[in-house]
Amino acid sequence: MEYTCKYLEESRRLTVEANKIIRELRIREIWEESGAEVNQVGSLRMGLLGKNRDMDFHVYTDILNVERSFSVVGK
């Protein structure tokens with residue numbers, strides 16, 4: 001029980017930190033401004049962030065445009 005609680009507390013802390021970074025960088029908003037649909041996925045979405053501090057998103061667009069994608073990432 002003690003270990004479980006320790007890992008859950010760490011996961012919560014990392015989740016708060018990750019969400020702060022996502023807000024500050026405006027990741028979702030910038031992609032949506034370009035017309036994309038953005039879904040947060042993976043361990044962060046499920047509240048299970050651990051050693052690997054992944055902030056994963058699936059980004060959907062009508063047309064694959066590499067130039068536009070790099071432009072959005074550059075912002």
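Further up the page is the structure itself.
This structure is a prediction, so every number in the text was calculated from the model and none was measured. (Residues numbered from 1 in each chain as written. Predicted model: local features only at pLDDT ≥ 70, side-chain atom pairs only at ≥ 80, totals over all residues. Heavy atoms only, no water.)

**Some remarks on a nonpolar patch on the surface**
Inference 1: A contiguous nonpolar patch, built from I21, L25 and M55 and spanning about 240 Å² of accessible area, is present on the exposed surface.
Inference 2: Considering the arrangement of structural elements, one finds I21 in helix 1 (residues 2-25).
Inference 3: Residue I21 is classed as partly exposed on the basis of its relative accessible area of 31%. (Patch = residues over 30% accessible without salt bridge, like charges linked within 9 Å, V, L, I, M, F, W, Y side chains within 5 Å. Areas by Shrake-Rupley, 256 points an atom, 1.4 Å probe, with all protein chains shown as cover. Salt bridge = Lys/Arg side-chain N within 4 Å of Asp/Glu carboxyl O. Helix = DSSP H or I, 4+ residues; strand = E, 2+ residues; numbered from the N terminus. Buried < 20%, exposed > 50% of the residue type's maximum accessible area, 1.4 Å probe, protein only.)

**Digging into the side chain of S34**
Inference 1: Inspection of the secondary structure puts S34 in the loop between helix 2 (27-33) and strand 1 (37-41).
Inference 2: Here W31 takes part through its backbone oxygen, which lies 2.7 Å from a polar atom of the side chain of S34.
Inference 3: Once residues within four sequence positions are removed from consideration, S34 is found in contact with R68 and V72. (Polar contact = N/O pair within 3.5 Å; in protein donor to acceptor, adjacent residues only side chain to side chain. Contact = heavy atoms within 4.5 Å.)

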